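Spelled out from the first residue to the last, the chains are:
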Amino acid sequence: MAETAPLPPNESLHQAGGGQPGAEDRTIKEIKPSTLQHLEQIYAAHASPADKRWHKDSIIEFLHHSQADKVTDHSSAHIAARDELDFAGFLQYMTSSAADVLAPPPETQDMSWPLASYFISSSHNTYLTGNQLNSDSDADAYRNVLLRGCRCVEIDVWDGDDSDVESSSSSDSSEDEGAKEIKALRKASRTEKLASKLPGSLASRLEKMSLGKKITGKGATEAEAAVEKKVEGDPAAGMAGTAPLKKSPSPKAVAVEPRVLHGYTLTKEVPFREVCHAIRECAFVASDMPLIVSLEVHCSHQQQEAMVRIINEVWAGLLLPQPDDEAKFLPAPGDLRRKILVKVKYVPPEHHVSSTDEESADRLPPDAKADPNSKSTTQQKVKKASKIIQALSALGVYTRGVSFKSLSQPEAKMPTHIFSLSEGGVAEVHENEAARLFEHNREYLMRTYPSGMRIGSSNLDPLAFWRKGIQIVALNWQKWDEGMMLNEGMFAGTGGYVLKPEGYRGRKPIVVDGEDGKEKVAPVPAAETILYQNLDLSITVLAAQNMPLPEDDDKESGFKPYVKVELHTQPPHEEHLLVTRTHSNLTGKASTRAKEGEYKARTKTQRGVNPDFNSETLAVAEGIPGVVSELSFVRFLIKDDEIGRDDLAAWACVRLDRLRSGYRFVHLLDREGRESAGVILVKVDKKLT
């Protein structure tokens, strides 16, 4: 699926993602004839033969047996209280949010558990607007994801340089043109050098993509020769802006500040200060739940000091104060509302980096630790990354980044630590220590992110990582694919935090009276039993209306839609913990019998944007064991039946525990996750035992 540039802030409020408050107006404005006839049949089937109306007993029977609703539910109470209901009243009910297939989240969500007991809606490389190699970095990308409900963003920070500072004076126009030409030629040369360093398999994959034509095109030698010729043949061009015969005003001194970009790629940059302002502006518009800002720091000490100044200045009033004592438990998100939590590498207060301390032990390979004079040690010193200064590290109060070595390292018991592992790293730990990984994630924070080989910004399957208890599963929000759809299904309307199911949570600290009469905090053990259920699921598709068209398709007459329904679930937890994989299968795909997408069904193809699907019943799942409803999802995909690839037109994703039974309307999002007027009338038969 295509990458999408971030929408303007005013439009981002109407784009899905994961965590955005539910739309207040979920009513359907009009009913098309293809849908109306089915509603008439439903009403007639429950009406009194005498006067063709619904009386009290018919209303209660419909709500209880057909809709599986309680008459005390806020959504259905207004018709449950009536003595009779005519067809107009029935239409009013069916077109209201009461008939939405997606049940609302609890009005008051429990935000009293420690942070590690929640799944958190998260973004990867938030600054990028497209692919991972040469797309733009943009502060609007942060505004976009925050307004869509994201609660964890990432910033890769690098040293700024003099070219980032705009001078108050301008050079001669011809010299500017010469400088621009040389800059363009050097950029072309840099592109070719990057391509030359790519692995052969990756380069061949790139050449088949439009992106690859920009990266792996020929001409590096010509570009470099052109630069050399330009500079040697015209010395003035090599010193653009410094002509000796023309006196110009001295530029105004401006401090060089850090910048944000994807390192060692051709992605465009954006000032760190500008990103911080964008975050402050939109951090708590869609949700007041705490925002985690994950910093990947590649800066010198001097630029890190600039980072600290900018953070304290721009985020003043939103940062956490330094605690008096070391935390024994993670705080609850409900106690951190409207606060920014900085995730940055942890440096102990007593740790000092001298000029000769070129490399800390945690960055050295095991053999180098044993022999500090080894060749590999010397190479590591040469490649040493910048250390984190104490002032920057201190900003990480409850989210202290620690380099992962093993689940038994001393920091793994520090309540405020957080490990960050790639999807491949998680797969490797899961293969060797699945149960221990799960137990760690009941008590402590962990973050995972897509593999660096996902150059097109595709996403991992977040469900596989949520099942391991990982709280922060970072996704590429600019890429609409299955991963982002599942993220929307998990977090829709929640404010970006979802309490884990029972059995996935850790201890909960409570305040009790001690023997000395003083209050103290004591942990209460959480339930370790996971609720498994057997699932039967069938969905009858009656009709649809106002369906969006696929990309680059503007003819309704040529649209041939069908509805595909998928159940995304995982194997029972014990089987998940015992799973083993071969060496050739280390890409994260576990060898389980319940692979995602295994349970799916589709309707016959119809025509037009208001199709009648003739009440076709899809048996999606029958007798599936070991289902955890809070970690299972139903996807509705509207596709165009074409020769070759069937283009996506619209979709919806609903978490199984929020999937309402009975006659419901599925509200559709378009291919870019934006709200649409499209709906599908379905009948959901869901049985969990």
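To be clear, the structure that these remarks concern was listed above.
Rules behind the numbers
- Residues numbered from 1 in each chain as written.
- Predicted model: local features only at pLDDT ≥ 70, side-chain atom pairs only at ≥ 80, totals over all residues.
- Heavy atoms only, no water.
- Helix = DSSP H or I, 4+ residues; strand = E, 2+ residues; numbered from the N terminus.
- Buried < 20%, exposed > 50% of the residue type's maximum accessible area, 1.4 Å probe, protein only.
- Core = buried A, V, L, I, M, F, W, Y, C linked by side-chain atoms within 4.5 Å.
- Contact = heavy atoms within 4.5 Å.
- Pairing = 2+ DSSP bridges.
- Axes fitted to C-alpha atoms, helices over the stretch in contact; angles between N-to-C directions.
- Left-handed = near helix turned anticlockwise from the far one by under 90°.
- Nonpolar A, V, L, I, M, F, W, Y, C, P; charged D, E, K, R; others polar.
- Phe/Tyr/Trp six-rings, centres within 6.5 Å; stacked < 30°, edge-to-face > 60°.
- Lys NZ or Arg CZ within 6 Å of the ring centre and 35° of its normal.
- Salt bridge = Lys/Arg side-chain N within 4 Å of Asp/Glu carboxyl O.
- Expected span 1.5 Å × (residues − 1).
- Parallel < 35°, antiparallel > 145°, perpendicular 65-115°, else oblique.
- Disulfide = S-S within 2.5 Å.

**Student:** Tell me about the overall build of the protein, and please be specific about residues and values.
**Tutor:** Along the backbone of the protein there are 20 helices and 23 strands. Taken across its 689 residues, the protein has 51% of its residues classed as buried.

**Student:** I'd like a description of the nonpolar core, backed by residues and values.
**Tutor:** Of all hydrophobic cores here, the largest spans 81 residues; its most connected members are Ile 155, Phe 272, Ile 279, Leu 295, Trp 315, Ile 340 and Leu 392. The greatest single-element share of this core, amounting to six residues, is contributed by helix α12 (residues 272–282). When neighbours within four sequence positions are excluded, Trp 315 is seen to be in contact with Cys 276, Ile 279, Arg 280, Val 293, Ile 310, Ile 340 and Val 342. Membership of the second largest hydrophobic core comes to 35 residues, among which are Val 565, Val 627, Ala 652 and Leu 656.

**Student:** Mind laying out the pairing of strand β21 (residues 648–655), listing which residues take part and the relevant values?
**Tutor:** Of all eight residues in β21, eight are buried; the element is thus mostly enclosed. Looking at chain direction, strand β20 (residues 633–640) and β21 are connected through seven bridges and run antiparallel. Pairing of Arg 635 across the sheet is with Cys 653, part of β21. Across two bridges, β21 lies against strand β22 (residues 662–670) in antiparallel orientation. Within β22, the position partnered with Trp 651 by the bridge is Leu 669.

**Student:** Account for the packing of helix α2 (residues 33–46) against helix α5 (residues 87–94), naming residues and giving values.
**Tutor:** As a packed pair, α2 and α5 sit with axes 11 Å apart at the nearest point and diverge in direction by 115°. In this structure, α2 crosses over α5, and the sense of that crossing is right-handed. Each of Leu 36, Leu 39, Glu 40, Ile 42 and Tyr 43 in α2 lies in contact with α5, whose residues at this interface are Phe 87, Phe 90, Leu 91 and Met 94. Residues belonging to the contact of α2 with α5 are distributed by class as follows: eight nonpolar, no polar and one charged.

**Student:** Got a sec to walk through the packing of aromatic side chains? Specific residues and values, please.
**Tutor:** Inspection of every chain in the model, using the stated rule, returns 16 aromatic pairs. Between the aromatic rings of Tyr 43 and Phe 87, the centroid separation amounts to 5.4 Å while the plane-to-plane angle is 70°, which identifies the pairing as edge-to-face. Separated by 44 residues along the polypeptide, Tyr 43 in helix α2 and Phe 87 in helix α5 bring together distant segments of the chain. Centre to centre, the rings of Trp 466 and Phe 633 are 6.0 Å apart; their planes meet at 40°, and the pair counts as tilted. Of the two residues, Trp 466 sits in helix α18 (residues 462–466) while Phe 633 sits in strand β20, which places them 167 residues apart along the sequence. The burial state of Trp 466 is the same as that of Phe 633; both residues are buried. One aromatic cluster is present, formed by Tyr 43, Trp 54, Phe 62, Phe 87, Phe 90, Tyr 93 and Tyr 663 through successive ring pairs. The side chain of Lys 468 reaches across the aromatic face of Phe 465, ending 5.6 Å from its centre. Over the ring of Tyr 663 we find Lys 683; its NZ or CZ atom is 5.6 Å from the centre of that ring.

**Student:** Give a description of the sheet that holds strand β19 (residues 612–627) that names residues and reports values.
**Tutor:** Spatially, eight strands are ordered β18-β17-β20-β21-β22-β23-β16-β19 in an open sheet, and the strand pairing comes out antiparallel. Since the sheet does not close on itself, it has two edges, and those belong to β18 (599–602) and β19, each with one partner. Averaged over all pairs of adjacent strands, the angle between their axes in this sheet comes to 25°, without regard to strand direction. As defined by bridge partners, β22 adjoins strand β23 (residues 675–688) across seven bridges and the pair is classed as antiparallel. Note that in β23 the partner of His 667 across the bridge is Val 679. Those strands touched by α2 are β16 (533–545), β19, β22 and β23, and its axis lies near 125° from that of β16.

**Student:** So what's going on with the environment of Leu 295? Which residues, and what values?
**Tutor:** The residue Leu 295 is located in strand β7 (residues 291–298) in this model. Residue Leu 295 is classed as buried on the basis of its relative accessible area of 4%. Apart from the residues within four sequence positions on either side, Leu 295 is in contact with Ile 155, Val 157, Phe 272, Met 307, Ile 311, Val 342, Lys 343, Val 344 and Leu 392.

**Student:** Any details on the environment of Gly 456? Residues and values, ideally.
**Tutor:** Looking at the element boundaries, Gly 456 is found in the loop between β11 (445–449) and α18. With 323 residues separating them along the chain, Gly 456 and Leu 133 place their C-alpha atoms 8.2 Å apart.

**Student:** I'd like to hear about the pattern of salt bridges, residue by residue, with values.
**Tutor:** By the definition in use, this model includes 25 salt bridges. Of the charged contacts in the structure, one is a salt bridge between Glu 154 and Arg 447, with a shortest N-O distance of 3.1 Å. Of this pair, Glu 154 sits in strand β4 (residues 152–158) while Arg 447 sits in strand β11; the two residues are 293 residues apart in sequence, bridging distant segments of the chain. Residue classification places Arg 447 among the buried residues on the basis of a relative accessible area of 1%. For Arg 635, the salt bridge identified is with Glu 566, shortest N-O distance 2.7 Å. Of this pair, Arg 635 sits in strand β20 while Glu 566 sits in strand β17 (residues 561–568), and the two are 69 residues apart along the sequence. Taking relative accessible area as the criterion, Arg 635 reaches 5% and is therefore assigned buried.

**Student:** Quick rundown of α2? Include the residues and the values.
**Tutor:** Across its 14 residues, α2 extends 21 Å between first and last C-alpha, which sits within 8% of the 20 Å expected from 1.5 Å per residue. Three or more residues of α2 are buried, namely Ser 34, Thr 35, His 38, Leu 39, Ile 42, Tyr 43 and His 46.

**Student:** Go over the packing of helix α6 (residues 139–147) against α12 with me, naming the residues and quoting the values.
**Tutor:** Put simply, α6 and α12 touch, their axes get as near as 8 Å, and they point 20° apart. In terms of orientation, α6 and α12 fall into the roughly parallel class. The hand of the α6/α12 crossing is right-handed. Contact residues: Ala 139, Tyr 142, Arg 143, Leu 146 and Leu 147 in α6; Glu 274, Val 275, Ala 278, Ile 279, Glu 281 and Cys 282 in α12. Along the lines of polarity and charge, the residues of the contact of α6 with α12 split into eight nonpolar, no polar and three charged.

**Student:** Could you give me a rundown of the pairing of β23, with the residues and numbers involved?
**Tutor:** Every other side chain in a regular strand lies on the same face of the sheet, so the side chains alternate between the two faces. Pairing of β16 with β23 involves 10 bridges; the strand directions are antiparallel. Bridge pairing in β23 links Leu 537 to Lys 686. Here β22 hands over to β23 after four residues, with Gly 673 in that stretch at a positive phi of 80°.

**Student:** Any chance you could break down helix α19 (residues 482–491) for me, citing the residues and the numbers?
**Tutor:** Of all 10 residues making up α19, nine are buried, and the element is well covered by its neighbours. When α19 is considered as a whole, its buried residues turn out to be Gly 483, Met 484, Met 485, Leu 486, Asn 487, Glu 488, Gly 489, Met 490 and Phe 491. Immediately downstream of α19, the backbone of Gly 493 shows phi near 75°, a positive value.

**Student:** Tell me what's going on with the side chain of Thr 126, and back it up with residues and numbers.
**Tutor:** Along the chain, Thr 126 turns up in the loop between β3 (118–123) and α6. Contacts of Thr 126, omitting those with residues within four sequence positions, involve Ala 141, Tyr 142, Val 145, Val 153 and Glu 154.

**Student:** If you had to explain the state of the cysteines to someone new, which residues and values would you point to?
**Tutor:** Every disulfide links exactly two cysteines, by a covalent bond between their sulfur atoms. Enumeration over the complete set of coordinates arrives at zero disulfides. Looking at the unpaired Cys 152, the closest cysteine sulfur is the one in Cys 150, lying at 6.6 Å. On the accessibility criterion, Cys 152 (1% relative accessible area) is buried.

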